[in-house]
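# Structural description and commentary
Read off the chains here:
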Amino acid sequence: MANVPWAEVCEKFQAALALSRLELHKNPEKEPYKSKYSARALLEEVKALLGPTPEDEDERPEADDGPGADDHTLVLPAEVVEPEGPVGQRALRLAVIEFHLGVNHIDTEELSAGEEHLVKCLRLLRRYRLSHDCISLCIQAQNNLGILWSEREEIETAQAYLESSEALYNQYMKEVGSPPLDPTECFIPEEEKLTEQERSKRFEKVYTHNLYYLAQVYQHLEMFEKAAHYCHSTLKRQLEHNAYHPIEWAINAATLSQFYINKLCFMEARHCLSAANVIFGQTGKISATEDTPEAEGEVPELYHQRKGEIARCWIKYCLTLMQNAQLSMQDNIGELDLDKQSELRALRKKELDEEESIRKKAVQFGTGELCDAISAVEEKVSYLRPLDFEEARELFLLGQHYVFEAKEFFQIDGYVTDHIEVVQDHSALFKVLAFFETDMERRCKMHKRRIAMLEPLTVDLNPQYYLLVNRQIQFEIAHAYYDMMDLKVAIADRLRDPDSHIVKKINNLNKSALKYYQLFLDSLRDPNKVFPEHIGEDVLRPAMLAKFRVARLYGKIITADPKKELENLATSLEHYKFIVDYCEKHPEAAQEIEAELELSKEMVSLLPTKMERFRTKMALT
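Please read these numbers as outputs of a predicted model, since none were measured by experiment.

### A few points about the overall build of the protein chain
Broken down by element type, the protein chain carries 22 helices and 0 strands. Its C-alpha atoms give the protein chain a radius of gyration of 33 Å, clearly above 25 Å, the size a compact globule of 621 residues would have. If one aligns the C-alpha atoms of the protein chain with their principal axes, the spans along those axes are about 120 × 55 × 45 Å. Buried positions account for 48% of the 621 residues belonging to the protein chain. The contacts of the protein chain with a sequence gap of at least 6 include a subset with a gap of at least 24, amounting to 74%. Approximately 32000 Å² of the protein chain is accessible, and the part contributed by carbon and sulfur atoms is 50%.

Structure, rendered in structure tokens:
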């Protein structure tokens, strides 16, 4: 290197960095990695100019299969050793080059070569990992190895590297604490060194990336509590350091809300979704940075897709909160239990007093104006379970607003499955709202709305390609008609003498429910139209419920023809008997439909006697 001025070496390195950052689409179409290969050539030149690897590292093997063969690099160092003197400084500079060569090879999909360079980087830094000059580079190298092993689906190896990075950061902050050298500073003049503030910003960004990757690894390992914790920490830090892309940040916050929804932590879920709305609203309003290269105008489709996805997260929030309230207040036949409702009202004040202050501190995004903006969204949405129709209606209307928003992007033409799921959620919102409604006629109208939105889907869908979705919709439509029929029967029971119009209406609803339950059951048949002797686990409960409800529906048909009524009773008995016989042959099925099985056994016992009395009566008349 004696013959080459240091400024020229630095210039080559900076040129390599500039080429590395060049976006792939700016390369020729037939040479997508042209800039990467040019950057690699310059890095190799710099490496040659720096001279040979320090003697104590020279004889080590070039790479291993992973951290298992080189575990000492993941053990926390006992002391801080700075890379002083020519040997230490050359080791550091070579480590920087090895790091960038590693990233370069990974970017060009040469993973094994990339791994070799990153492992070399860590070996060169082995003695100095906790030092002011090396800590950031070391964590970045381990982060990249973590990503590499994650892409190979070696998740536990990735976990080892990433957890080592986290431990290194924590030890450095505890024992040293000052903002460390950024790796790029090894190749810039002294007068161009970064400020302490800029160093701190870059180091914290490296650690934020580490937490982000750990969140993904824990998600893969199904350590969902940990994954949520790290995801939340990442999002919080991104806001604190103003290092985020609004669209990406918002979708990650909305996704995190789903974890809290599943845990029934509705305050936390509401906070995540409110924050997602506020940050998503910044799209196109904040200046582009290295982290936020796209302007809204450049990504219209992605913008609208993410908007639709956030809307779907809000739908799940409203729906799950309403359904949880229903579960808490319904009796054993699914109707509103007034005593349970009163108990929950009594608990409401206690919930407000205890949870607002404690839980709000646990999840808090942003400060100052941002915090106020998030709070303003939160205040318009309840996180408490609705206890009456008016409270449920507020959540329903919010959910319905987001249904319309989601459907703007997820249209049937192009997004069939997503569109259907949104429509099914809309139907489910009406279904759970009907639980809170006391007026039976209005409840009927809600179920009618469900049918009106679901029936057209069965026409649009090809059952050959969308068999499972078709089954779901057929079952749901059948259930909606079934509920309407029950409501109409209850209304008729209140009348002393129901007229022929009401009777006809009940029978039509009955017929429609039977039609869709039968369509569902027929979809289970094999190509020879034979019903399976063994029903698959995934459809066992719905199939048994469909059989049970078909049996009950035949028993509810109103007719003045005794012969027809006897036929209906015989068909009803046949379906009840199927359930009993099937559960005797397949005992595991019994636990799926315990209540329905008991009723079926009763009906199998009672119906033959009833039918015999009916035959006797017919003979006498």
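### Some thoughts on the domain arrangement of the protein chain
According to the domain assignment, the protein chain consists of domain 1 (262-285 + 301-334 + 365-438), domain 2 (456-530) and domain 3 (532-620). Spacing between the C-alpha centres of domain 1 and domain 3 amounts to 40 Å.

### Here's the deal with a negative patch on the surface
On the surface, E537, D538, E588 and E592 cluster together into a negatively charged patch. Residue placement: E592 occurs in the loop between α21 (562-585) and α22 (594-620).

### Regarding the packing of aromatic side chains
Each aromatic ring pair is specified by the distance between its two centres and by the angle formed by the two planes. Within the structure shown, the criterion is met by 26 aromatic pairs. Between Y169 and F203, the aromatic rings sit 5.4 Å apart at their centres with planes inclined by 35°, giving tilted as the arrangement. With Y169 in helix α7 (residues 155-175) and F203 in helix α8 (residues 196-220), this pair connects stretches of sequence that are 34 residues apart. A residue is classified by how much of its surface remains accessible, and F203, at 2% relative accessible area, is buried. Between F409 and F410 the ring centres are 5.0 Å apart and the planes differ by 90°, which places this aromatic pair in the edge-to-face class. Taking the relative accessible area as the measure of exposure, F409 reaches 13% and is therefore buried.

### A short note on the state of the cysteines
Per the counting criterion, the structure on display carries 0 disulfides. With no disulfide of its own, C313 has C272 as its nearest cysteine by sulfur position, at a separation of 10 Å.

### What to know about the nonpolar core
W249 and Y317 are the most contacted members of the largest nonpolar core, which totals 117 residues. If one sorts the elements of this core by residue count, helix α12 (residues 300-329) sits on top with 13 residues. Ignoring sequence-local partners within four residues, the contact set of Y317 consists of I261, F266, A269, R270, L273, V381, S382, Y383 and L395. If you look at the next biggest cluster of nonpolar residues, it comprises 57 residues, including V4, L101, I155 and Y161.

### What about the packing of α12 against helix α16 (residues 416-436)?
Taken N-terminus to C-terminus, the directions of α12 and α16 make an angle of 30°; their axes are 10 Å apart at the nearest point. Crossing angle aside, the handedness with which α12 passes α16 is left-handed. Contact residues: α12 offers R312, I315, K316, C318, L319, M322, Q323, A325, Q326 and M329, while α16 offers D418, E421, V422, D425, A428, L429, V432, L433, F435 and F436. Residues of the contact of α12 with α16, tallied by class, amount to 13 nonpolar, 2 polar and 5 charged.

### Comments concerning the side chain of H586
By secondary structure assignment, the location of H586 is in the loop between α21 and α22. For H586, the residues in contact, after removing those within four places along its chain, are E533 and H534.

### Here we look at the pattern of salt bridges
Scanning the entire structure with this criterion turns up 27 salt bridges. For D107, the salt bridge is made with K36, and the minimal N-O distance between the two is 3.3 Å. Of this pair, D107 sits in helix α4 (residues 85-107) while K36 sits in helix α2 (residues 34-50); the two residues are 71 residues apart in sequence, bridging distant segments of the chain. Residue D107 is classed as partly exposed on the basis of its relative accessible area, which comes to 35%. You can call K36 buried: its relative accessible area is 8%. Across the salt bridge formed by R306 and E309, the nearest N and O atoms sit 2.9 Å from each other. With R306 and E309 both in helix α12 and 3 residues apart, the pair spans about one turn of that helix. Residue classification places R306 among the partly exposed positions, given a relative accessible area of 23%. Within this structure, D182, E198 and R202 form a network of salt bridges that share partners.

Scoring rules and cut-offs
Residues numbered from 1 in each chain as written. Predicted model: local features only at pLDDT ≥ 70, side-chain atom pairs only at ≥ 80, totals over all residues. Heavy atoms only, no water. Helix = DSSP H or I, 4+ residues; strand = E, 2+ residues; numbered from the N terminus. Rg over C-alpha atoms; globule rule 2.2 N^0.38 Å. Buried < 20%, exposed > 50% of the residue type's maximum accessible area, 1.4 Å probe, protein only. Contact = heavy atoms within 4.5 Å. Areas by Shrake-Rupley, 256 points an atom, 1.4 Å probe, with all protein chains shown as cover. Domains from an automatic or database assignment. Patch = residues over 30% accessible without salt bridge, like charges linked within 9 Å, V, L, I, M, F, W, Y side chains within 5 Å. Salt bridge = Lys/Arg side-chain N within 4 Å of Asp/Glu carboxyl O. Lys, Arg positive; Asp, Glu negative; His and termini not counted. Charge placed at Lys NZ, Arg CZ, Asp CG, Glu CD. Phe/Tyr/Trp six-rings, centres within 6.5 Å; stacked < 30°, edge-to-face > 60°. Disulfide = S-S within 2.5 Å. Core = buried A, V, L, I, M, F, W, Y, C linked by side-chain atoms within 4.5 Å. Axes fitted to C-alpha atoms, helices over the stretch in contact; angles between N-to-C directions. Left-handed = near helix turned anticlockwise from the far one by under 90°. Nonpolar A, V, L, I, M, F, W, Y, C, P; charged D, E, K, R; others polar.

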